[in-house]
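Structural overview
So the chains spell out like this:
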Amino acid sequence: MSFIVRAASRVGRHSCQRHSFAALRSAAVTNRFKSSLAAQTEVDVEELETTAKTVEEVLPKSDTPTDWSTFNPSKSGTPSPWAVFDAWGANDIKDGLSSEVEEAMLSAKAVAIPMDENDREGLPDESDILAAYNSFLQGKSSVHFGYPYNLMFDFREVMQFLQYSINNLGDPFVPSNYGVHSRQFEVAVIDFFARLWKMQPGAYWGYVTTSGTEGNLHGILLARERFPDGILYTSQETHYSVFKAARYYRMECQSIPTLPMGEINYDILAEAIAENKDKPVIINVNIGTTVKGAVDNLDRILRMLQQLQIPRERYYIHCDGALFALMMPFIDFAPEVSFRKPIDSIAVSGHKMLGSPMPCGIALCRKEHVQNVEQHIDYLNSVDTTIMGSRNGHAALYMWYSLRKKGVEGIKRDVLHCIQTARYLRDKLTEKGLSCRLNDLSSTVCLERPLSNDFIQRWQLACEEDICHVVVMPNVTRSKIDKFVDELIQVTEKHGRIQPVREGSPLMQLSATW
């Protein structure tokens, strides 16, 4: 009995013959390439026009007019004129194949790589495995609530380039002998973010990274090279990659307690720096913490350094802006985070707010800092300035394509959708009597942790002790939120509500004044 037939016999009601999986693949392809704009919901169009900064305030005005013909502001979740393709269904929740079939087709035994034809005997066909995997991903992507990934994108036009091994090895600004690269697109992406964060031409350096983590590793490395004996100060709610950098580089690191809303405790930070004024100061400023989406007050930190009489040549500031650094420039009256202030480096993810089928990001810094780490490599005919040697040239191309297609207007609409829809979720939870919080400038809604692990896994919620969170992204719509809240109320009625796991736990902080 073949592997597929054995799987079908366990499920009973599913026919898993290879021809049925071929039909499944055909149906999947048909569904995948249909247009599915987000469902129409009530949106205050006037608020859309007044709550964000104008395009001219963010970037210089382009000579090319924006094509508004495909944008309907009444459709909540329509992030930009180009994003009409939604591979995972912005409106629909797809369950895909039964879990039994997927479990069988995607098990370790089914996907094992045979060493010879005898090993291959009884294994399912690769096309059938991929069909099951596609159905699995569609289902998981349609209920993706807990992690900050924008799943609303259309990259069919650039998929043709996957046939090439595009490698941006070496420095983005110093071409190597390897000709199959996307440096011109990478430099264009770097230039865009340099303008967004107010850097002068010729004063910056950056590159497209594999993720926000790599951006943090690079920024903290530059800080360590600038101040080998410096102390790294960062809040205890900082992303783990910053603490990883401190371990990798053997840096002294002080984890500073936070305020209830997740911002760094500024008084404790000042005390810690004052006690170590004989050593240079390296500060990681969170532009949106991982769990609560809290934004450290950069201006307050700069005033504190001035009050402590720490001269500019004795401190280095890195900003971890994985998600929110690409949102804040588009929110009216948000504090400015830019290089017009004395910061030194910033990291942001490309697959989060912008959206990409692969993890990626941007590391940007003042040009003088990278000179401390660069080394010429004869083998490359370029200089080594990045964390990685070989670098994914496709990521730069995808980020460039997304930025060109969305434009500043498209990003602004994405941001407004996230902010407004997060408030909608907060209000729905509050109406149901559930504990929740939403930081200002944030699209991360913290709430009490459900007592159903099945519910947590279904909606892929990120949890910390007795709380969890939902990160509202462009693919999260109000209809999905309604479904989420209805299911949450059902599991709450069945299993009850969680109690604080300890004194001062995250759940107890939800009740504190933020």
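Just so you know, these numbers come straight off a predicted model, no measurement behind them.

Let us look at the UniProt feature "modified residue: N6-(pyridoxal phosphate)lysine" (unreviewed entry) in the protein chain. As annotated by UniProt and renumbered to match this structure, "modified residue: N6-(pyridoxal phosphate)lysine" (unreviewed entry) occupies Lys-352. Looking at the element boundaries, Lys-352 is found in helix H14 (residues 351-355). If near-sequence neighbours (up to four positions away) are discounted, Lys-352 is found in contact with Pro-148, Tyr-149, Asn-150, Ala-322, Leu-323 and Met-473.

Formed by 71 residues in total, the largest nonpolar core has its most connected members in Phe-193, Trp-197, Ile-273, Leu-305, Ile-317, Ile-362 and Leu-364. A total of eleven residues in this core trace back to one element, the largest contributor, which is helix H16 (residues 393-431). Excluding residues that lie within four positions of it along the chain, Ile-317 makes contacts with Ile-283, Val-285, Leu-298, Leu-302, Leu-305, Pro-342, Ile-343, Asp-344 and Ser-345. In this structure, Cys-436, Val-445, Ile-456 and Phe-484 belong to the second largest nonpolar core, which totals 25 residues.

Once that is clear, we can look at the environment of Val-295. For Val-295, the position within the fold is in the loop between strand E4 (281-286) and helix H13 (298-307). For Val-295, a relative accessible area of 14% gives the class buried. C-alpha separation for the pair Val-295 and Gly-262, spaced 33 residues apart in sequence, amounts to 7.9 Å. When sequence neighbours within four positions are dropped, the list of residues in contact with Val-295 reads Glu-263, Tyr-266, Asn-286, Ile-287, Gly-288 and Met-328.

In spatial order, the strands read E10-E11-E13-E12; together these four strands make up an open sheet with antiparallel pairing. For this open sheet the edge positions go to strand E10 (436-438) and strand E12 (462-464), each flanked by a neighbour on one side alone. Neighbour to neighbour, the strand axes of the sheet diverge by 25 degrees on average, direction disregarded. As defined by bridge partners, E10 adjoins strand E11 (residues 444-448) across three bridges and the pair is classed as antiparallel. Following the sheet pairing, Cys-436 is matched in E11 by Leu-447.

Okay, unusual backbone geometry next. The backbone of Arg-250 shows a phi angle near 55 degrees, a positive value even though the residue is not glycine. Topologically, Arg-250 is positioned in the loop between helix H11 (240-248) and strand E3 (252-256). Although it is not a glycine, Glu-465 sits at a positive phi angle of roughly 55 degrees. The topology assignment puts Glu-465 in the loop between E12 and strand E13 (467-471). Classification of Glu-465 by relative accessible area gives partly exposed; the value is 35%.

Turning next to the packing of helix H12 (residues 266-274) against H13. Where H12 contacts H13, the two axes come as close as 11 Å, and the packing angle between them is 30 degrees. Like other packed secondary-structure pairs, H12 and H13 cross with a definite hand, here right-handed. Judged by residue contacts, Tyr-266, Asp-267, Leu-269, Ala-270 and Ile-273 of H12 engage Arg-300, Ile-301, Met-304 and Leu-305 from H13. Class assignment for the residues of the contact of H12 with H13 results in seven nonpolar, no polar and two charged.

In this structure, strand E2 (residues 231-235) lies alongside E3, joined through five bridges in parallel fashion. Within the sheet, the bridge partner assigned to Tyr-233 lies in E3 and is Gln-254. In this view, the connection linking E2 to its parallel neighbour E3 by way of H11 has right-handed handedness.

With that out of the way, let us pick up the sheet that holds E3. The seven strands lie next to each other as E1-E7-E6-E5-E4-E2-E3, forming an open sheet whose pairing is mixed. Among the strands making up the open sheet, the edge pair consists of strand E1 (204-209) and E3. Neighbouring strand axes in the sheet, compared pairwise and without regard to direction, differ in orientation by 15 degrees on average. In this sheet, strand E6 (residues 345-349) lies alongside strand E5 (residues 315-320) in parallel orientation, the contact comprising three bridges.

What follows covers the confidence of the model for the protein chain. The predicted model of the protein chain averages 85 in pLDDT, with 81% of residues at 70 or higher. Predicted confidence is poor over residues 1-56, with pLDDT under 50, and the contacts of this stretch with residues over four places away or in other chains come to 112 contacts. Predicted confidence is poor over residues 60-85, with pLDDT under 50, and the contacts of this stretch with residues over four places away or in other chains come to 61 contacts.

With that settled, the discussion passes to H13. Within H13, burial applies to Leu-298, Ile-301, Leu-302, Met-304 and Leu-305. Buried residues in H13, looked at end-on, bunch into an arc of 155 degrees, giving them a common side. Opposite its buried face, H13 presents the exposed residues Gln-306 and Gln-307, each directed more than 90 degrees away. Looking at the buried residues of H13, the elements they touch are H12, E4 and E5.

Here the structure, examined in full by the defined rule, presents 18 salt bridges. Between Asp-427 and Arg-426 there is a salt bridge, with its nearest N and O atoms 3.2 Å apart. Since its relative accessible area comes to 36%, Asp-427 is described here as partly exposed. Bridged by salt links that share partners, the residues Glu-117, Arg-120 and Glu-126 form one connected network.

Quick notes on the rules
- Residues numbered from 1 in each chain as written.
- Predicted model: local features only at pLDDT ≥ 70, side-chain atom pairs only at ≥ 80, totals over all residues.
- Heavy atoms only, no water.
- UniProt positions renumbered as here; feature names shortened; annotations may be inferred.
- Helix = DSSP H or I, 4+ residues; strand = E, 2+ residues; numbered from the N terminus.
- Contact = heavy atoms within 4.5 Å.
- Core = buried A, V, L, I, M, F, W, Y, C linked by side-chain atoms within 4.5 Å.
- Buried < 20%, exposed > 50% of the residue type's maximum accessible area, 1.4 Å probe, protein only.
- Pairing = 2+ DSSP bridges.
- Axes fitted to C-alpha atoms, helices over the stretch in contact; angles between N-to-C directions.
- Left-handed = near helix turned anticlockwise from the far one by under 90°.
- Nonpolar A, V, L, I, M, F, W, Y, C, P; charged D, E, K, R; others polar.
- Right-handed = clockwise from strand over helix to strand, strands pointing away.
- pLDDT = per-residue confidence, 0-100.
- Arc of directions from axis to C-beta.
- Salt bridge = Lys/Arg side-chain N within 4 Å of Asp/Glu carboxyl O.

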